[in-house]
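So you can see what is in the structure, the chains are spelled out below.
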There are 4 protein chains.
Amino acid sequence: MSINTFGHLFRVTTWGESHGPALGATVDGCPPGIAIDEEMLQHWLDQRKPGQNKYTTQRREADQVRILSGVFEGQTTGTPIQLMIENTDQRSKDYGDIAEKFRPGHADITYWQKYGIRDYRGGGRSSARETAARVAAGGVARAALADLVPDLRITGYMVQMGPHAIDRARFDWDEIARNPFWVPDAQAAADWADYLDTLRKSGDSVGAMVEVTARGMPAGLGAPVYAKLDTDLATAMMSINAVKGVEIGEGMAAAMLTGSENADEITMGPEGPLYSSNHAGGILGGISTGQDVVVRFAVKPTSSILTPRKTITRSGEETEIITKGRHDPCVGIRAVPVGEAMMACVLLDQVLLHRGQVGANRGKIG
Amino acid sequence: MSINTFGHLFRVTTWGESHGPALGATVDGCPPGIAIDEEMLQHWLDQRKPGQNKYTTQRREADQVRILSGVFEGQTTGTPIQLMIENTDQRSKDYGDIAEKFRPGHADITYWQKYGIRDYRGGGRSSARETAARVAAGGVARAALADLVPDLRITGYMVQMGPHAIDRARFDWDEIARNPFWVPDAQAAADWADYLDTLRKSGDSVGAMVEVTARGMPAGLGAPVYAKLDTDLATAMMSINAVKGVEIGEGMAAAMLTGSENADEITMGPEGPLYSSNHAGGILGGISTGQDVVVRFAVKPTSSILTPRKTITRSGEETEIITKGRHDPCVGIRAVPVGEAMMACVLLDQVLLHRGQVGANRGKIG
Amino acid sequence: MSINTFGHLFRVTTWGESHGPALGATVDGCPPGIAIDEEMLQHWLDQRKPGQNKYTTQRREADQVRILSGVFEGQTTGTPIQLMIENTDQRSKDYGDIAEKFRPGHADITYWQKYGIRDYRGGGRSSARETAARVAAGGVARAALADLVPDLRITGYMVQMGPHAIDRARFDWDEIARNPFWVPDAQAAADWADYLDTLRKSGDSVGAMVEVTARGMPAGLGAPVYAKLDTDLATAMMSINAVKGVEIGEGMAAAMLTGSENADEITMGPEGPLYSSNHAGGILGGISTGQDVVVRFAVKPTSSILTPRKTITRSGEETEIITKGRHDPCVGIRAVPVGEAMMACVLLDQVLLHRGQVGANRGKIG
Amino acid sequence: MSINTFGHLFRVTTWGESHGPALGATVDGCPPGIAIDEEMLQHWLDQRKPGQNKYTTQRREADQVRILSGVFEGQTTGTPIQLMIENTDQRSKDYGDIAEKFRPGHADITYWQKYGIRDYRGGGRSSARETAARVAAGGVARAALADLVPDLRITGYMVQMGPHAIDRARFDWDEIARNPFWVPDAQAAADWADYLDTLRKSGDSVGAMVEVTARGMPAGLGAPVYAKLDTDLATAMMSINAVKGVEIGEGMAAAMLTGSENADEITMGPEGPLYSSNHAGGILGGISTGQDVVVRFAVKPTSSILTPRKTITRSGEETEIITKGRHDPCVGIRAVPVGEAMMACVLLDQVLLHRGQVGANRGKIG
């Protein structure tokens with residue numbers, strides 16, 4: 001039973017509310033002897049940090065991570081790693097209507113209906129701020145993966161923002177880090193800047209689609225039938241705030257293909273099997289083939305917008321609400337590093353799980 | 001750690017290979033005092049059973065379920081329920097090439113790469129036959145839900161087959177049981193019959209999209225942040241064979257909407273909150289709102305087709321393969337009862353989990 | 001959450017009631033490529049089988065185990081292994097009073113109070129018969145251990161029966177298999193035979209203490225702080241029917257020692273550390289030292305005796321009960337193979353867990 | 001898989017090392033709406049705090065607990081509760097030999113052999129200081145139990161210290177809080193003071209036996225066969241540092257009894273079943289009877305003593321070690337509040353688990 005824990009052997013428990021004293025992640029099961037320090041984790045957190053450009057919320061959060069346990073003289077010891085991020089901006093303030101009025105599209109109403117009590121300040125536990133803890137934990141996973149699967153590269157990027165998709169013909173891995181949208185298409189980056197600027201000024205928000213690719217994958221990761229690699233990725237991505245769909249490889253579009261179009265043919269390369277295409281997204285029967293693993297997820301537009309919306313109060317009265325404050329016009333942007341972090345956690349977990357049950361890749365081809 | 005187990009409190013472990021002596025499900029955590037018998041479970045299994053019409057595989061499987069434990073005098077006792085389905089058609093036969101050649105699009109190659117050994121007969125553990133065990137377990141979940149949430153209705157149906165989508169304007173709940181495709185649109189049923197007939201004769205196959213809706217939902221189900229209702233549904237559906245994508249409510253299309261389009265406004269009805277729309281698919285922040293829960297998943301076309309495909313052998317030689325045999329032109333059809341079963345398991349599990357942690361719905365509105 | 005499942009990576013779920021159609025174990029997480037067949041498992045089951053001599057119940061159970069999944073061409077495949085033992089002696093019979101009267105010392109009353117329904121035939125789920133499933137699963141664990149830790153030897157034996165303890169000065173490993181009590185002291189075997197004969201004729205029963213030793217242990221097994229080796233052994237042994245206490249090494253007697261008496265001094269041997277003594281029972285801080293692991297557990301006397309006992313009925317009336325039938329005068333005897341099986345499961349599980357998290361023993365000495 | 005997590009629904013993950021920045025417990029699954037504050041938890045921590053009298057280590061630890069999440073306006077919200085205790089006394093100091101020499105009886109050598117790295121300062125993760133986190137988590141469990149099972153009283157006390165046992169004829173519940181040993185026998189308290197004083201001056205240490213009793217128990221708690229109440233208690237107690245044995249009711253002594261001596265007869269009282277005795281320790285078949293639950297555990301003498309002991313260094317050289325420093329002559333004393341805390345965690349967990357699976361006690365008698 002794992003309400004707030006994710007993973008089989010590499011287990012991440014996130015804790016904390018948006019405006020409580022702190023939030024963080026308890027990371028259990030990390031291999032010993034992995035070099036880790038706060039700077040290394042901070043690097044990933046800074047990518048997700050808000051207020052970096054005009055396209056993300058202007059709220060200033062230091063997001064300074066501290067390692068409270070499990071690391072000794074710069075190395076993991078195999079004991080639980082506690083990662084804490086203090087909430088620096090907790091000053092008493094007016095939370096306005098949200099203590100009483102439920103914001104449409106937010107978890108305000110369901111937390112209330114479930115628990116009968118909720119920390120309404122800034123969304124409490126349901127805030128996107130919870131994902132900072134995931135990014136910190138993902139940093140630990142990345143460090144361990146660097147040791148165990150040195151060729152692995154995990155890269156997240158945006159492929160759609162509202163009506164605007166990237167052009168795969170212009171796909172450029174190097175472009176991703178060059179623009180504020182993590183988009184691998186320079187033209188799209190320019191177009192999206194204009195689009196988002198207009199949207200932001202109008203007080204509206206927009207959805208996004210994020211793709212995360214793992215290159216340099218070993219074959220054999222994934223544990224059928226309920227810890228399949230694709231299942232674990234779906235679990236990981238769907239658990240991120242505001243995500244409404246997850247797909248692997250061809251994804252939802254696989255419904256529209258015929259068998260002769262969809263199956264990837266196999267030939268023999270110098271170092272193992274080669275595939276004519278990657279409709280499978282690098283996963284067959286829940287186990288990695290060695291091709292790139294490709295997962296996509298859709299992030300809904302934030303519901304915190306300046307347009308007045310109909311809603312009700314806790315006492316059942318009908319009213320309207322405007323969600324003021326410093327919100328991201330496209331939360332999908334900041335979901336990119338979160339998606340990468342979740343991919344890293346899933347892959348490390350599967351590496352450990354495979355090593356535990358199977359020991360080493362046993363099936364040789366050729 | 002749960003390689004072959006699914007669920008938090010209502011835990012289903014499936015076991016068995018396609019052509020081994022038997023397969024089944026070990027169901028743990030079912031409440032005591034629930035009326036269950038083999039006939040009741042058989043009813044659901046018969047829906048999934050192949051060979052019922054020309055659109056599903058002509059292989060004849062009795063799929064007769066036996067209850068080996070956990071039920072006494074027609075009622076569950078709270079102890080593990082063992083459900084066994086014997087494989088009647090295990091006669092020694094020629095498995096042809098598949099012991100040596102990997103079928104493209106199948107898990108043959110990845111099981112080999114992971115484990116170094118595999119039961120290749122009929123796909124072994126990776127066969128769609130494993131889903132029979134899920135349907136049996138889902139029957140137990142349905143019986144318990146009938147007791148605990150009597151208004152709940154779970155209905156699965158197809159919304160897309162290859163290029164052909166249903167027309168939502170013609171949606172008719174009653175139509176679903178009348179046609180072999182579980183499609184809620186009589187016109188689509190007629191069109192699809194022709195399409196699939198042509199496809200079947202050509203030896204090709206096609207993908208499909210299945211939607212499962214839960215009506216009569218209580219609010220408050222789902223346990224953030226890693227046992228959210230939408231996360232558990234994604235886990236459940238993605239773990240089904242051949243599924244490549246899962247979405248909730250607006251799903252992947254949420255990426256294309258603005259905030260003003262997407263958030264469902266709230267008003268007060270006589271029995272609680274009402275929503276202007278259901279973009280959320282009945283789930284906010286991972287917790288049910290009380291609206292219909294709507295999940296969709298894409299099933300890829302089966303890779304067992306009559307067209308010769310390039311592949312390699314275990315010893316690394318390049319070759320071709322034709323997958324003969326009695327295969328479903330559209331495996332998505334038989335995925336409908338499986339999707340329903342998974343929905344039932346997830347919802348019962350969340351009902352028990354909520355009851356365990358929270359006790360009873362505590363947050364009242366109005 | 002694991003109501004009927006035991007283990008972290010090597011996971012055993014037992015299912016079944018004493019007089020239902022069958023009982024068994026679903027074994028998940030076993031490494032692939034382990035040679036296993038039904039005969040091998042039957043060997044261990046036959047050791048536990050009742051009716052072998054006059055000191056165990058005369059009930060005849062075939063206890064024939066069948067492997068229903070997870071093994072292909074004589075080897076494990078890495079998928080779940082289903083082990084089934086059919087209950088051959090299910091004929092409709094008179095269960096006498098036990099449907100209505102609660103037997104003192106039995107779980108009759110608590111199963112009723114918990115679940116409101118119980119399979120009262122032969123104790124149902126609470127019957128010692130459940131341990132047959134553990135012995136079968138233990139056989140799988142032993143086979144995997146033979147592959148992974150070839151020097152390991154697990155041996156269970158009795159060290160106390162009622163007032164009679166063994167004399168450690170006469171301890172002889174070879175004697176254990178020569179007498180019906182699994183006692184490593186030939187003199188004790190002779191004495192106990194007389195004692196038990198008298199007791200059996202009087203219709204009474206007696207408790208016992210079982211010790212299980214693992215020799216040839218690797219250092220480094222055990223995962224602090226909640227999956228320590230001693231914790232897992234305590235969990236394993238205490239979960240066996242009728243067990244009331246578990247101790248490691250010096251055990252409860254450690255309460256009576258001083259620090260200068262208790263700590264085992266360390267010297268350096270040719271192959272690693274040597275210890276002056278083994279008060280620790282081979283475990284320090286929850287991790288194996290490489291010394292013999294020694295665990296003991298107490299089995300209470302069976303409460304099914306011929307003396308009339310005061311009790312109540314389900315409707316609350318006071319009455320008396322005599323438990324007729326074919327019962328073991330000392331159930332502790334048959335607990336010996338069960339204790340061995342549980343030790344095997346725990347050790348395999350810890351080997352896999354260590355391999356998963358740590359990879360290989362990393363800390364060298366000297 | 002739960003290396004550092006304990007519990008099924010009420011899940012406690014402890015983290016932290018003796019001399020790291022902080023240690024604590026991540027508590028997941030606590031019901032919402034429970035009144036909790038730091039003072040309440042501090043009360044229990046202060047009981048365990050060292051340096052309170054001359055019989056416990058003179059090390060000064062503030063052991064100040066902070067609640068970082070999961071509590072809003074004085075009530076639990078149903079989200080994870082993070083409890084942090086900063087290590088105030090982390091000043092750089094000379095750890096002497098223990099970085100190189102393994103202390104006999106300590107986990108130094110096994111942590112090294114397992115992980116190849118260890119935080120040797122003050123025992124690191126294997127320090128008794130880890131139990132402070134358990135006591136804090138136990139405080140949360142107690143608060144929830146006060147709400148859910150108001151009649152329940154959990155009391156721990158010492159029953160043996162080295163050669164000295166209490167006299168049950170003098171047992172006095174009120175005496176427990178009056179002496180520094182938590183011993184329910186005033187005469188023993190006086191005698192033990194002298195004994196321990198002598199021992200402390202000689203630089204030696206001594207073992208102890210702790211008993212924890214739960215009075216006011218509901219019947220029906222415990223989930224056979226692997227989450228039995230006695231199994232969970234054994235797991236809980238054996239996971240505490242230095243514990244070498246656990247027993248329920250008659251415990252190890254049950255091995256010496258006959259069936260006619262051991263089984264507790266049942267009569268009918270005005271409010272339910274009554275028992276003639278409590279050999280069972282309040283548990284039958286792993287489920288509570290409603291009698292007092294009685295568990296005992298043995299704590300070995302601390303191995304940190306002033307007598308020189310033979311040992312080896314990390315490089316395999318033979319040497320001697322004296323463990324100086326401020327150590328408890330009888331660590332068992334401070335284990336009393338830890339045992340209480342573990343009992344509280346187990347009972348709350350079982351209450352929630354029962355509520356989840358069964359709903360409410362269903363089997364009525366009379």
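Counting restarts for each chain: residues are numbered from 1 in the order of the written sequence. Both sets of labels track the order of writing: A upward for chains, 1 upward for ligands. Confidence filtering applies because this is a predicted model: local features only for residues at pLDDT of at least 70, side-chain atom pairs given and counted only at 80 or more, and all residues used for totals across whole chains, interfaces and linings. Side-chain metrics in this entry use all non-hydrogen atoms of the structure; hydrogen atoms and water are not considered.

The name recorded for chain A in an unreviewed UniProt entry is Chorismate synthase, from Poseidonocella pacifica. Per its UniProt entry, chain A bears the Catalytic activity (unreviewed entry) comment "5-O-(1-carboxyvinyl)-3-phosphoshikimate = chorismate + phosphate". UniProt positions are given in the numbering used here, feature names are shortened, and annotations may be inferred rather than shown by experiment. Under Sequence similarities (unreviewed entry), UniProt gives the following word-for-word description of chain A: "Belongs to the chorismate synthase family."

Peer 1: Describe the overall build of chain A, and please don't skip the residues or the numbers.
Peer 2: For chain A, the helix and strand inventory stands at 7 helices and 18 strands. With C-alpha atoms as the basis for the radius of gyration, the globule rule is written as 2.2 Å multiplied by the number of residues raised to the power 0.38. Against the compact-globule benchmark of 21 Å for 366 residues, chain A has a radius of gyration of 21 Å, which places it among compact chains. C-alpha extents for chain A along the principal axes are approximately 70 × 50 × 35 Å. For chain A, the proportion of its 366 residues judged to be buried stands at 70%. For chain A, the share of sequence-separated contacts (at least 6 apart) that also reach a separation of at least 24 residues comes to 70%. With residues, only the protein chains shown are counted as cover, and all accessible areas are computed by Shrake-Rupley using a 1.4 Å probe. Taken as a whole, chain A presents about 11000 Å² of accessible surface, with 48% of it coming from carbon and sulfur. In this tally, Lys and Arg are treated as positive and Asp and Glu as negative; His is ignored, and so are the chain termini. For the purpose of locating charges, the reference atoms are NZ of Lys, CZ of Arg, CG of Asp and CD of Glu. Placing the 38 positive and 44 negative side-chain charges of chain A at their respective mean positions leaves the two points 5 Å apart. Secondary structure follows DSSP: runs of H or I at least 4 residues long count as helices, runs of E at least 2 residues long count as strands, and numbering of each begins at the N terminus. Throughout this description, buried means an accessible area under 20% of the type-specific maximum (1.4 Å probe, protein chains only), exposed means over 50%, and partly exposed covers the range between. By the convention used here, residues are in contact when the closest approach between their heavy atoms is within 4.5 Å.

Peer 1: I'd like to hear about the interface of chain B and chain A, residue by residue, with values.
Peer 2: With 118 residues of chain B at the contact, the number on the chain A side is 117 residues. Buried area: the accessible surface (1.4 Å probe) lost by two parts on joining, summed over both. For the pair chain B and chain A, the summed buried surface comes to about 9100 Å²; carbon and sulfur atoms form 60% of the total. When the area that chain B buries against chain A is broken down by residue, the three leading residues are Lys-114, Tyr-226 and Lys-244 of chain B, summing to 10%. Each polar contact in these results corresponds to two N or O atoms within 3.5 Å; when the atoms are within protein, one needs to be able to donate a hydrogen and the other to accept it, and residues that are neighboring in sequence are counted only if both atoms are side-chain atoms. Viewed at the interface, chain A and chain B are joined by 54 residue pairs in polar contact (both at pLDDT 80 or more). Looking at the side of chain B that touches chain A, the element that brings in the most residues is helix α2 (residues 108-115) of chain B, giving 7 residues. Three classes are used, and their members are as follows: Ala, Val, Leu, Ile, Met, Phe, Trp, Tyr, Cys and Pro are nonpolar, Asp, Glu, Lys and Arg are charged, and the others, Gly among them, are polar. Tallied by class, the residues present in the side of chain B that touches chain A amount to 56 nonpolar, 43 polar and 19 charged. The sheet contact formed by strand β11 (residues 243-248) of chain A and strand β11 (residues 243-248) of chain B spans 3 bridges and is antiparallel. Bridge pairing links Val-246 of chain A to Val-246 of chain B in β11 of chain B. Strand pairing follows a simple DSSP-based rule, namely that at least 2 bridges must link the two strands.

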